[in-house]
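The primary structure of each chain is shown beneath.
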Amino acid sequence: MTWQLGGLLDFTYNETFISNYIGKSDSFYENAENIITIMRDLAPSCEEMLLGCMWAGVRIDCKKLFTVQRTFRGHCCAFNYVLDYANATGIPKSTKPTTERQSHPGDFNGLNIIIDPLIEDYAYTSRIVHGIEILIFDSMHFADPNGGRMIQRIVEPDKAIYIQLQSVKQVATSEVRKYGPKTRKCLFHDERKEIFNDMYSYNACIVRCRIIAIQTICKCTPYFLPAGSDIPSCTLQQLPCLNKYQDKLRFIFPFGAERKEGLEMEFQDALYCPACYPDCEFINYKSKTFKIDLPQLYVDQGLKQYRMLEYVCLPYRISRK
């Protein structure tokens, strides 16, 4: 029965199953207070997946680098994620005081990981491919592809992947602040303090808009969104509602579209977040990815001997300061 809980991530469900399930299920799984814990326990374990890590050229315990965080893909193993959320309204609360930074350039001074995709444990997947999905995003953003810049990559089993990151920062001069948001059509991070606590971003605004829309329509908050206990988490009871409006909750009506002629369907079937302005200052990331096949000898030895780490690696460079 627990595999059906995967529908709480992508909002799909079996109508026949639900009709027979509702009212007959174990109350433990229908308790909104238990959902986040249940879904975390059902997610792949970071300790089992992350077999070995190196950072800045030094071997290090993966548990010191990675924490379990909620993303649009559910519970994931996160590196250098610093944003904390206050409650179920999607308002950023604070940031963690320290982050990992490289002191020397070079491929193997980045992040190197041996990963076991745990294919034998697959029960409910949102993609038809095997492997690990990598999400690269700003450490001040929630991992949501619809709410900002995100790079997504798939690492297939028995493959080595090399990811090189480049970043370009857009900085606005003080002259820009002389104009109002409607004129400059963007917001700085320290604006709208009463809502975003000096941490405004287009991403945070879109996440908050989506949370409020779901809470209004379905009276709950999906477990994977940065929510607290103010509004109950969605259970299988609300899955039909989430499924009905899944397209509307997935797409964003174009920013700045003052006229709706020709966009009637888009307006009806998408979130409308007119208060969410783009960022005046932001960092844009670009990536180059290289993949190679690993000889089975390297794969087997890499899982048994840490000295093979250089053959199975996931390095990337972070140049943000």
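In what follows, the accompanying structure is described. In this text the structure is predicted, and so the values were computed from the model without any measurement. Every chain is numbered independently, its residues counted from 1 as its sequence is written. Only residues with pLDDT of at least 70 get local features here, since the model is predicted, and only at 80 or more are side-chain atom pairs given and counted; chain-wide, interface and lining totals rely on the full set of residues. Neither water nor hydrogens contribute to the side-chain values; these are computed over all heavy atoms in the structure.

**Some points on the environment of Cys46**
Filter applied, for reference: In DSSP terms, a helix is any run of H or I states spanning at least four residues, a strand is any run of E spanning at least two, and both are numbered starting from the N terminus. Any pair of residues with heavy atoms lying within 4.5 Å of one another is described as a contacting pair.
Considering the arrangement of structural elements, one finds Cys46 in helix H5 (residues 46-49). Between the alpha carbons of Cys46 and Cys76 there is a distance of 7.9 Å; along the sequence they are 30 residues apart. Not counting chain neighbours up to four residues away, the residues in contact with Cys46 comprise Val68 and Cys77.

**Some details on the pattern of salt bridges**
Selection rule: We count a salt bridge whenever a side-chain nitrogen from Lys or Arg sits within 4 Å of a carboxyl oxygen from Asp or Glu.
Within the structure shown, the criterion is met by eight salt bridges. Of the charged contacts, one joins Arg210 and Asp144 as a salt bridge, the two residues approaching to 2.5 Å between their closest N and O atoms. Here Arg210, found in helix H9 (residues 202-218), pairs with Asp144, found in the loop between strand S8 (132-137) and strand S9 (150-155); they are 66 residues apart in sequence, far enough to count as distant. With a closest N to O distance of 2.9 Å, Asp247 and Arg250 form a salt bridge. One end of the pair, Asp247, and the other, Arg250, are both in helix H11 (residues 246-250), three residues apart, so they sit about a helical turn from each other.

**Description of the state of the cysteines**
The criterion, for reference: Cysteine sulfur atoms are paired as a disulfide whenever they fall within 2.5 Å. We call a residue buried when its accessible area falls under 20% of the maximum for its residue type, exposed when it is over 50%, and partly exposed in between, using a 1.4 Å probe and counting protein chains only.
On inspection of all chains with the given rule, the structure shows seven disulfides. A disulfide bridge connects Cys46 with Cys77, and the sulfur atoms are separated by 2.0 Å. On the sign convention where negative is left-handed, the bridge of Cys46 and Cys77, at about -110 degrees about the S-S bond, is left-handed. Remark: Cys77 occurs in strand S4 (residues 74-79) and Cys46 occurs in helix H5; sequence separation between them is 31 residues. Judged by its relative accessible area of 22%, Cys77 falls in the partly exposed class.

**Some points on the nonpolar core**
How we decide: The definition of a nonpolar core used throughout is a set of buried Ala, Val, Leu, Ile, Met, Phe, Trp, Tyr and Cys residues joined through side-chain atoms within 4.5 Å.
In this structure, Leu8 and Tyr223 are the most contacted members of the largest nonpolar core, which totals 37 residues. Of all elements in the fold, only helix H1 (7-10), helix H4 (32-42), H9 and helix H10 (239-244) reach the threshold of two or more residues within this core. Among the elements that line this core, the one with the most residues is H9, at nine residues. Those residues within four positions of Leu8 in sequence are excluded, and the remaining contacts are Ile35, Tyr223, Phe224, Cys234, Thr235, Leu236 and Leu239. Formed by twelve residues, the second largest nonpolar core is a distinct cluster that contains Ile132, Ile134, Ile151 and Leu165.

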